[in-house]
Amino acid sequence: MNSDAAPHRGEDAEATAAGADAPISHARPRGRRSLLRAALAGTAVVGGGLAIGAFPADAEPVSRSSHTPTPSAPARTRPSTADEALKELSQGNRRWRTLHQRHPDEGAATRKAATTGQQPFALILGCIDSRVPPELVFDQGIGDLMTVRSAGEVLDQSVLGSVKYGVLELDIPLVVVLGHQSCGAVKAAVAVDESGEELPSGIQYIADEIAPAIDHSVTGDARVAATIDANVRLVRSKLVADSDLAAKLKAGEVAIVGARYDLTTQRVHLLK
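Residues numbered from 1 in each chain as written. Predicted model: local features only at pLDDT ≥ 70, side-chain atom pairs only at ≥ 80, totals over all residues. Heavy atoms only, no water.

Some remarks on the overall build of the chain
- Regarding its fold elements, the chain presents nine helices and six strands.
- Here the chain holds 272 residues, and 46% of them are scored as buried.
- Contacts in the chain between residues at least 24 apart in sequence constitute 79% of all its contacts with a sequence separation of at least 6. (Helix = DSSP H or I, 4+ residues; strand = E, 2+ residues; numbered from the N terminus. Buried < 20%, exposed > 50% of the residue type's maximum accessible area, 1.4 Å probe, protein only. Contact = heavy atoms within 4.5 Å.)

What follows is the structure, encoded as structure tokens:
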């Protein structure tokens, strides 16, 4: 499997739904805390921003269902390659967004086995946003995913070390950098870039790390949406540039891909 994500299959047009976040205005300067609260409000914006593709074999429309989730899952073979891992995540995300979750690997036997070790098949580097819990979004259970989370997927040394531990020590074959629609950290970074306001220490660091990804070719909600995708690509580029991870990539032992989760549809898209 190539370390790059699957080719995109279409263009997403950015649209603003009724009640969505209004474009940032400079008419009335706001204090840094009110600015931060506005950026972190979390109102979903319909649409994506940049060209993307759906998960493998998963581009067809999906209808919503009120079907009661299956309480347990049949026995399954744990993915051992990046392709297999990506397929399992795709299938899990489909179950999640159609309300057909299986809640796998949660039983007594799995819990007991987990006391002796772990063999996660994918590592998800995602945001801290409470609306995007990886185990739920991909319908996975105990020991299936290693999750590393930071605001805006910001990659500091601790986060990088955590990712490398999963790949180098646990031989995880797939790393997914997972951004998401209406990311508050990205909104804050865009807001301070436009206003010149200073955020509290620590939070300003996050905004500074996201700043190089800000897309100044568009404005308003479209800028936030485009920057969400660009930030995922930026973080992925830093990971593939790491010498240890690059060696694993060259050997075909890991794939590192970027993706975005849409809050409105609950669908995960791979980013080209």
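Some thoughts on the packing of helix α6 (residues 184-195) against helix α7 (residues 203-210)
- Two elements in contact, α6 and α7, have axes separated by 9 Å at closest approach and are oriented at 85°. On the basis of the axis angle, α6 is roughly perpendicular to α7. Across the interface between the two elements, A185, V186, A189 and V192 from α6 touch I206, A207 and I210 from α7.
- Residue composition of the contact of α6 with α7, grouped by class: seven nonpolar, no polar and no charged. (Axes fitted to C-alpha atoms, helices over the stretch in contact; angles between N-to-C directions. Parallel < 35°, antiparallel > 145°, perpendicular 65-115°, else oblique. Nonpolar A, V, L, I, M, F, W, Y, C, P; charged D, E, K, R; others polar.)

Description of the packing of α6 against helix α8 (residues 220-241)
- Interhelical geometry of α6 versus α8 gives an angle of 120° and a closest axis separation of 9 Å. Classified by the angle their axes make, α6 and α8 are oblique. Considering how the two elements wind past one another, α6 and α8 form a crossing that is right-handed. Counted together, V186, K187, V190 and E194 of α6 and R223, V224, T227 and I228 of α8 form the full contact between these two elements.
- For the contact of α6 with α8, the class distribution of residues is four nonpolar, one polar and three charged. (Left-handed = near helix turned anticlockwise from the far one by under 90°.)

Considering helix α5 (residues 157-169)
- Between its terminal C-alpha atoms α5 stretches 17 Å, which fits the 18 Å expected from 13 residues at 1.5 Å a residue.
- Three or more residues of α5 are buried, namely V159, L160, V163, K164, G166 and V167. For α5, the angular spread of the buried residues around the axis is 160°, confining them to a single face. Away from its buried face by more than 90 degrees, α5 exposes Q157, S158 and E169.
- Of the surrounding elements, those touching the buried residues of α5 are β2 (122-126), β3 (145-149), β4 (174-180), α8 and α9 (243-250).
- For α5, the N-terminal cap is D156; the gap from its side-chain oxygen to the backbone nitrogen of S158 is 3.2 Å.
- Following α5 by one or two positions, D171 adopts a phi angle in the positive range, close to 55°. (Expected span 1.5 Å × (residues − 1). Arc of directions from axis to C-beta. Polar contact = N/O pair within 3.5 Å; in protein donor to acceptor, adjacent residues only side chain to side chain.)

A few points about the pattern of salt bridges
- One pass over the full model with this rule turns up 13 salt bridges.
- In this structure, E209 and K238 form a salt bridge, with 3.7 Å as the shortest nitrogen-oxygen distance. Residue E209 is located in helix α7, and its partner K238 is located in helix α8; the two are separated by 29 residues in the primary sequence.
- Taking the relative accessible area as the measure of exposure, K238 reaches 33% and is therefore partly exposed. (Salt bridge = Lys/Arg side-chain N within 4 Å of Asp/Glu carboxyl O.)

A look at the state of the cysteines
- Under the defined criterion, the tally for this structure stands at zero disulfides.
- Take C127: it sits in no disulfide, and the sulfur closest to it among the cysteines is that of C183, at 4.1 Å. (Disulfide = S-S within 2.5 Å.)

Side note on unusual backbone geometry
- Although it is not a glycine, D105 adopts a positive phi angle of roughly 50°.
- Mapped onto the secondary structure, D105 falls in the loop between α2 (82-97) and α3 (108-113).
- Phi angles above zero are rare outside glycine, and Q266 is one such case at about 65°.

What to know about the nonpolar core
- In terms of nonpolar packing, the biggest core is built from 22 residues, with L89, F138, L174, V176, L178 and Y261 touching the most fellow members.
- Contributions of two or more residues to this core are made by α2, β2, β4, β5 (255-261) and β6 (268-271).
- With five residues, α2 is the largest single contributor of residues to this core.
- Grouped together as the second largest cluster of nonpolar side chains are 20 residues, L155, V167, V175 and L239 included. (Core = buried A, V, L, I, M, F, W, Y, C linked by side-chain atoms within 4.5 Å.)

Regarding the confidence of the model for the chain
- Of the residues in the chain, 72% have a pLDDT of 70 or more, and the chain-wide mean is 82.
- Per-residue pLDDT stays below 50 along residues 1-30; that stretch engages in 72 contacts with residues further than four places along the chain or on separate chains.
- For residues 40-52, every residue scores under 50 in pLDDT, and the model assigns this stretch 57 contacts once sequence neighbours within four places are set aside. (pLDDT = per-residue confidence, 0-100.)

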